[in-house]
Amino acid sequence: MNPRAIRLLLVLSAFLAGLVLCFTVVLLVTGRGAAPIIAAPSAIGGPFRLTDQNGKTITDRDLRGRPFLVFFGFTHCPEICPTALFDISEIFNKLGPDAEKANALFITVDPERDTPEKLKEYLSSFNPRLIGAAGDAEQLAAVAKGYRAYYKKVPLKDGDYTMDHMATVYLMDKNGAFVAPFSLKRRPEDAAADLRKYL
Ligand SMILES: [Cu+2]
């Protein structure tokens, strides 16, 4: 190769290297190619102490060893909660015998009305793996803070009230660490296959 060709080759490779670098920077800056980050995963979840639908204390430690889903809602919810709980039930049905290796926690944001008895009655229409959990205002505030879950009491005209709340389903691994939001907008068998990866 003559010196001219070598110089041309060097310039060309420097140009290509520059191009790759630029492209990488663009990818990093736009966040494409990497999963979107909502928050530091370790910052979501954490310890909690609540009462289950049988009146027994339930803590994050009781759920160790199995992956679990967490959903905040309330039994008077007209649509979002029953739909989500129905979807989660379907997913657990699709898991078959493996359903026993996972848990799903439904935490009420309306402990005033959702007593353990009320939760038990309400959850009887869904998959038995669903654990209902309630806490006093302080316990609820603590668990909601841990999960960055938003909820708010909204008065209605007739003197009644409803609860405004987030509809995120959290997927937690068997060590209680947050994995990702768990999508219910897919076929239950696909969601079950996704959950099965964490068993
Ligand atoms: Cu709801």
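As a reminder, the structure under discussion sits directly above these lines.
Residues numbered from 1 in each chain as written. Predicted model: local features only at pLDDT ≥ 70, side-chain atom pairs only at ≥ 80, totals over all residues. Heavy atoms only, no water.

1. A word on helix α5 (residues 188-196)
Turning to step 1, where the next piece is worked out: Here α5 has its buried residues at Ala191, Ala192, Asp194 and Leu195. With its buried residues spanning 160° around the axis, α5 presents them on a single face.
Turning to step 2, where the next piece is worked out: Of the surrounding secondary structure, the elements contacted by the buried residues of α5 are β3 (68-73), α2 (80-95) and β8 (169-172). (Buried < 20%, exposed > 50% of the residue type's maximum accessible area, 1.4 Å probe, protein only. Helix = DSSP H or I, 4+ residues; strand = E, 2+ residues; numbered from the N terminus. Arc of directions from axis to C-beta. Contact = heavy atoms within 4.5 Å.)

2. Observations regarding the packing of aromatic side chains
Turning to step 1, where the next piece is worked out: This model, assessed by the stated rule, comprises seven aromatic pairs.
Turning to step 2, where the next piece is worked out: Ring geometry for Phe72 and Tyr170: centres 6.2 Å apart, planes at 80°, overall edge-to-face. Of this pair, Phe72 sits in strand β3 while Tyr170 sits in strand β8; the two residues are 98 residues apart in sequence, bridging distant segments of the chain. Each of the two residues, Phe72 as well as Tyr170, counts as buried.
Turning to step 3, where the next piece is worked out: Each ring, one from Tyr122 and one from Phe126, has its centre 5.6 Å from the other, and the planes form 55°; the classification is tilted.
Turning to step 4, where the next piece is worked out: Overall, the relative accessible area of 16% leaves Tyr122 in the buried class.
Turning to step 5, where the next piece is worked out: What links up through ring pairs into an aromatic cluster is the set Phe71, Phe106, Tyr122 and Phe126.
Turning to step 6, where the next piece is worked out: In this arrangement the basic side chain of Lys153 is found over the ring face of Tyr161, its NZ or CZ atom lying 4.3 Å from the centre.
Turning to step 7, where the next piece is worked out: The ring of Phe182 carries Arg186 above its face, with NZ or CZ at 4.7 Å from the centroid. (Phe/Tyr/Trp six-rings, centres within 6.5 Å; stacked < 30°, edge-to-face > 60°. Lys NZ or Arg CZ within 6 Å of the ring centre and 35° of its normal.)

3. Focus on the coordination of the copper ion
Turning to step 1, where the next piece is worked out: Donor atoms from the polypeptide that coordinate the copper ion comprise Cys77 (SG), Cys81 (SG) and His165 (NE2), at 2.1 to 2.2 Å from the metal.
Turning to step 2, where the next piece is worked out: Between the donor residues of the copper ion, the gaps in sequence give the motif C-x3-C-x83-H. Pair noted here: Cys81 is in helix α2 and His165 is in strand β7 (residues 161-165), with a separation of 84 residues, a long-range link. Judged on exposure class, the residue Cys81 and its partner His165 are both buried. (Donors = N, O, S within 2.8 Å, 3.2 Å for Na, K, Ca; no water.)

4. Focus: the environment of Glu112
Turning to step 1, where the next piece is worked out: Residue placement: Glu112 occurs in the loop between β4 (103-108) and α3 (116-123).
Turning to step 2, where the next piece is worked out: On the accessibility criterion, Glu112 (57% relative accessible area) is exposed.
Turning to step 3, where the next piece is worked out: For the pair Glu112 and Asp136, spaced 24 residues apart in sequence, the C-alpha to C-alpha distance is 8.5 Å.
Turning to step 4, where the next piece is worked out: Contact partners of Glu112, with chain neighbours within four places excluded, come to Lys153 and Tyr161.
Turning to step 5, where the next piece is worked out: For Glu112, the side chain forms a polar contact with the side chain of Lys153, separated by 2.9 Å. (Polar contact = N/O pair within 3.5 Å; in protein donor to acceptor, adjacent residues only side chain to side chain.)

5. Let's talk about the pattern of salt bridges
Turning to step 1, where the next piece is worked out: Per the stated rule, a full pass over the model turns up ten salt bridges.
Turning to step 2, where the next piece is worked out: Salt-bridge contacts for Lys153 lead to Glu112; the nearest nitrogen and oxygen are separated by 2.9 Å. Here Lys153 is found in strand β6 (residues 151-155), whereas its partner Glu112 is found in the loop between β4 and α3, with 41 residues between them in sequence.
Turning to step 3, where the next piece is worked out: Given a relative accessible area of 41%, Lys153 falls into the partly exposed group.
Turning to step 4, where the next piece is worked out: Across the pair Asp190 and Arg187 runs a salt bridge whose closest N-O atoms are separated by 3.1 Å.
Turning to step 5, where the next piece is worked out: The class for Arg187 is partly exposed, based on a relative accessible area of 48%.
Turning to step 6, where the next piece is worked out: Shared partners join several salt bridges into a network, and the residues in it are Asp98, Lys101 and Arg196. (Salt bridge = Lys/Arg side-chain N within 4 Å of Asp/Glu carboxyl O.)

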